[in-house]
Amino acid sequence: MTIYHGIRFSVHPGVTEEAIAAGLAAMRDAARANPAVTSFVVGRDFGGDYDYGAVSVVADLAGYAELMNHPSHLEVDRAGLPLIERFASFDISDDPDPGLGARIAEVHRERYAANPDVADLVSDLDEYRGSAAPGGSAS
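The rules behind the values
Residue indices begin from 1 for each chain and proceed along its sequence in written order. Local features in this predicted model are restricted to residues of pLDDT 70 or higher, and side-chain atom pairs are both shown and tallied only at a pLDDT of 80 or more, whereas totals for entire chains, interfaces and linings draw on every residue. Processing note: side-chain calculations cover all non-hydrogen atoms of the structure and skip hydrogens and water entirely. Put simply, DSSP marks the helices as runs of H or I at least four residues long and the strands as runs of E at least two long, and each gets a number from the N terminus on. The span expected for a helix works out to 1.5 Å for each residue beyond the first. The buried label applies to any residue whose accessible area, calculated with a 1.4 Å probe on protein chains only, is under 20% of its type's maximum; exposed applies above 50%, and partly exposed to all values in between. Throughout, the arc means that of the directions going from the helix axis to the C-beta atoms. What makes two residues a contact is simply this: any of their non-hydrogen atoms within 4.5 Å. Within 6.5 Å between ring centres, the rings of Phe, Tyr and Trp (the latter by its six-membered ring) count as paired, and their orientation is classed by plane angle as stacked under 30 degrees, edge-to-face over 60, tilted in between. Each ring is checked for a lysine NZ or an arginine CZ that lies within 6 Å of its centre and within 35 degrees of its normal; such an atom marks a charge sitting over the ring.

*Asks:* Can you break down helix 1 (residues 17-33) residue by residue, with the values?
*Replies:* For helix 1, built from 17 residues, the straight-helix expectation of 24 Å at 1.5 Å per residue is met to within 8% by its first-to-last C-alpha distance of 24 Å. Along helix 1, the positions that sit buried rather than exposed are Ile20, Leu24, Met27, Ala30 and Ala31. Buried positions in helix 1, seen along its axis, are confined to an arc of 120 degrees and lie on one side of it. Residues of helix 1 that are exposed and point more than 90 degrees away from the buried face comprise Glu18 and Arg32. For helix 1, the secondary structure elements touched by its buried residues are strand 1 (3-11), strand 2 (37-44), strand 3 (52-58) and helix 3 (71-80).

Rendered as structure tokens:
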């Protein structure tokens with residue numbers, strides 16, 4: 001099994017290019033610091049309604065939970081979410097189990113329960129949808 005966790009986002013008007021560059025660099029550093037991440041990309045989002053995006057690849061659901069709860073990931077959430085206006089997340093897997101989406105959603109529910117400040121930051125976004133949305137389901 002492999003899970004590809006993707007995000008797409010646009011920043012608030014007025015966020016400086018320097019702040020954006022620092023945020024993208026922090027995202028790359030967080031991915032490198034996370035042993036569960038086997039591959040990643042962070043950069044411009046082309047062909048859609050968002051400015052930037054990222055994809056992290058993990059081997060299984062345990063790696064996915066490690067990705068979501070790793071201190072470097074939570075640090076990027078805390079610093080970066082206030083800069084974001086619109087956000088979407090998605091997960092793609094080659095696992096044929098139809099219950100995987102519910103287990104991915106549970107990882108996020110547990111993550112938000114353990115980190116209510118991150119859940120608050122997510123709830124404060126103008127638009128946030130997808131597999132990581134609080135209270136949402138990954139089907």
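*Asks:* Provide a residue-level description of the packing of aromatic side chains, including the pertinent values.
*Replies:* Throughout the structure, instances matching the rule amount to 2 aromatic pairs. In this structure, arginine 86 packs its charged tip against the face of tyrosine 50, placed 4.3 Å from the ring centre.

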